[in-house]
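As a plain string of letters, each chain reads:
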Amino acid sequence: MPAPDRPGRAMLGIDPELMTRLIQAMRRAGDTLPDLDGHLDRTLGSVGLPPYAVSAGAGTGGGMGGGRLRDLGHHISAKVPDLQGRLDLILATPAAAFGGRGGGAPGFGALSTSGRGVIWADESAWLSKSPAAGAAAAAALAGRLRAEGKKGAINSQTLAELAKHQNDPYFAVAFAIQVPPSQLRTHLAALYRTHAARFDADGESQAEVERFAVILSNLIATATHGAGSMKIPRDYADRLIEHLDTPETTFALGKLLRHGRFDERFLRDLVTKIYDHERRQPPGSSYWLNLNPGVPPMCEVPPELKDPMTAVAAALANHPAVAQDFFTDPARRPLAYLMRERTWPGVTDAELGRALVAATTTYRDHGEPAGESRGHKSALIASWAVHFWNDESTRTNLPHTRLSVARIFAGYLNDLHRLSDGRFAEKPGVIVLPDPDPYLSGIQSYGAAFEPEAVKNVMTWAFSDPDAFGTVAAGHAQYSVDVLDDKAAELAAEIETEFTKWCDEHPTATPAEIAASRQEILESRMAGGGGQQFNSAVTSLSKTLFAITDAANIANITDAEHSDERFNAFRDIVLAVVDLVPGPSGQISSSLFESMKDGLSEQITTSKAEEARSAADTTLGEAVTLFEGATAAAMMRHGLFGDASEPAITHPHASVNYPKGSSGDFLANGQIIAPARMSDEQRDAYREWLNRPETGRVFRLPVSAIKDGFDAGKNYYTRAGE
């Protein structure tokens, strides 16, 4: 079986079951072989031969010497700890990073199994070849670190050598023991004090502190994955959070938890201990006073850099499974406290937002039983988070989480869409229907039960950030493309079935008769049957779009207000929507809007963008343009504009003014080019084709469905506060 293709990596394939058998056999051999020397000598003596050790050369010449089997047994026994430790470390690697058994945490590099139980391990980061080598290197660097730390500086060479070992488990475990948490805190605080005065003027000083913190974070995270005899002390988490009411501890904690990928059990235990400690502290305690900027001994440290729960939130954002388990802890129920009650210093509430996004969007599934499904937990947290965000005091408390709200909504577009169909939730929870989203084929992930009033209020608040609005609008565009593609495929299959039947019934039909029949069936089906389903989906999707634009307060915007950032964000989506292609069913990236913006900036000049954007004067017009593009692209992908070989009357290549291959041909590989990438002549041809009466024979009803949906949306939604 070939190793995974990982250029520049040292890949080692291990079958855990076979390796375990080998280790057991080696242990038995190590115990048995030394005893065989005596048995062999006695056997040789019984037949008049000299002892084995003498015949072997008594340690001289080419033999292994006296007691050769005994030495071999000791040699085998000496190899067992290293092999067992290596196997333990690889098996302890979390599976989340690579989606399978084995895993791939940065400190270990184990990949998921690849047939017959083999785990492919990337040992390129294992700089130390044995526990002893790792311990020796750790002791040497720890000594240098202590000496340099007394001066409040870290030598660049020391930093570079630490960086080489940050993903080396043998080194990391030994280093965590050599440099206990109390010394880590001292080193970080001393380095910060040395450089703090130069932070504003000297970016390199701040970068040095941050680099040291990242390396330490990765080292400690790597150490937490230790297994077997290679483990950090059991009380390491307790020692890490000793003196949690002092700035030195909390500052170091914030640095150490922010970057590394920790063992989930370790981090879960640490997070709950920090949370429980905070909840026990009365107002006015030293814990809370620590968050005041004027408290010595590190009064120069801003509160946001010494807040323990900010450190927790940053760590949870990098560990979505731990975040899920923490947020859904039935004994603590921390979400209400963290969102409604706790005051977050500075902009640190954004870290909580990141943690919520990780907990709600990383795992999406419909696994059974529901109580054991990560996807079920994702939907549950999303539902309750939006419920809490609906509280005005929460929104006041978490002003920097608008983009996080948007990313969660973008991951649950099917649940927003459910509201447009009048399927309202009365309380937070999970949609556990056998098929949570009938608009898409296949069984979709568990859905989040959203309350309509909460969605309206939270979206209105969040959309004051143009990027938040753009994120949700882009997500809706992608969801619409997915649904339209599904329905267009169903409709195309229905047309093909009827056309095949007609051909079977008319075996002598001429090519002209065949082409006419295909077109007649196409036009007939677009007006009924599967076409009605397709148009109903367009109407429903348009209702949801109205809700989104209405929440952004741009649904009735006029041409004079076109400079509004949110409106421009929406128009960017309109320009790029034709480039969207159906993705994994029901899975929408929360970074889609950023990708669309980046794509536009690369594709078009400012003047061309403004010309393309000027096609509509209102958001309603933009919405029609958006859905015209998405709908036309889906129909074109599935041949719903007729035959291209001998262009049907509804196909773009039937144009007299802009035939196939002309400078106005706006198709590439049979698909519509995005307007943002069209030339002026192609854009003219595209608009002419959309508005041709002949095109209306198959496209009029979908366009009407867009406008009908937008109008119908007004009956379901009004802006919050009106």
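Above: the structure in question.
It should be emphasised that the depicted structure is a prediction, and the values quoted were computed from it without experimental measurement.

(A) Structural view of the side chain of Q166. Looking at the element boundaries, Q166 is found in the loop between α5 (156-165) and α6 (169-178). By relative accessible area, Q166 is classed as buried at 15%. Contact partners of Q166, with chain neighbours within four places excluded, come to V214, I215, N218, L219 and T222.

(B) Expanded view of the pattern of salt bridges. Evaluation of the coordinates by the stated rule reveals 27 salt bridges. Between R268 and E264 there is a salt bridge, and its shortest N-O distance comes to 3.9 Å. With R268 and E264 both in helix α11 (residues 264-280) and 4 residues apart, the pair spans about one turn of that helix. The class of R268 is partly exposed, set by a relative accessible area of 26%. The salt bridge involving D485 is made with R637; its shortest N-O contact spans 2.9 Å. Of this pair, D485 sits in helix α22 (residues 466-505) while R637 sits in helix α28 (residues 619-637), and the two are 152 residues apart along the sequence. Through salt bridges with shared partners, a single network forms among E264, R268, D325, R374 and K377.

(C) Quick look at the environment of S128. Mapped onto the elements, S128 comes out in the loop between β3 (119-122) and α4 (131-149). Note on S128: relative accessible area 3%, which makes it buried. The spatial distance from the C-alpha of S128 to the C-alpha of D168 is 6.7 Å, given a sequence separation of 40 residues.

(D) Structural detail: the packing of aromatic side chains. Per the counting criterion, the structure on display carries 17 aromatic pairs. Where Y275 meets Y337, the ring centres are 5.9 Å apart and the plane angle is 80°; that geometry is what we call edge-to-face. Taken together, the residues Y275 in helix α11 and Y337 in helix α15 (residues 334-341) connect sequence positions 62 residues apart. By the burial criterion, Y275 is buried, and Y337 matches it. Judged by centre distance (6.3 Å) and plane angle (75°), the ring pair of Y412 and F450 falls under edge-to-face. Placement of Y412 in the loop between α19 (402-411) and α20 (413-420) and of F450 in the loop between β5 (447-449) and α21 (452-462) is noted, with a sequence separation of 38 residues between them. With relative accessibility at 2%, the residue F450 sits in the buried group. Among the aromatic side chains, those forming a connected cluster through ring pairs are F641, F666, Y686, W689 and F699. Directly above the aromatic system of W344 lies the positively charged group of R342, at a separation of 4.5 Å from the ring centroid.

How each quantity is defined
- Residues numbered from 1 in each chain as written.
- Predicted model: local features only at pLDDT ≥ 70, side-chain atom pairs only at ≥ 80, totals over all residues.
- Heavy atoms only, no water.
- Helix = DSSP H or I, 4+ residues; strand = E, 2+ residues; numbered from the N terminus.
- Buried < 20%, exposed > 50% of the residue type's maximum accessible area, 1.4 Å probe, protein only.
- Contact = heavy atoms within 4.5 Å.
- Salt bridge = Lys/Arg side-chain N within 4 Å of Asp/Glu carboxyl O.
- Phe/Tyr/Trp six-rings, centres within 6.5 Å; stacked < 30°, edge-to-face > 60°.
- Lys NZ or Arg CZ within 6 Å of the ring centre and 35° of its normal.

Just geometry here; none of it tells us what the structure is for.
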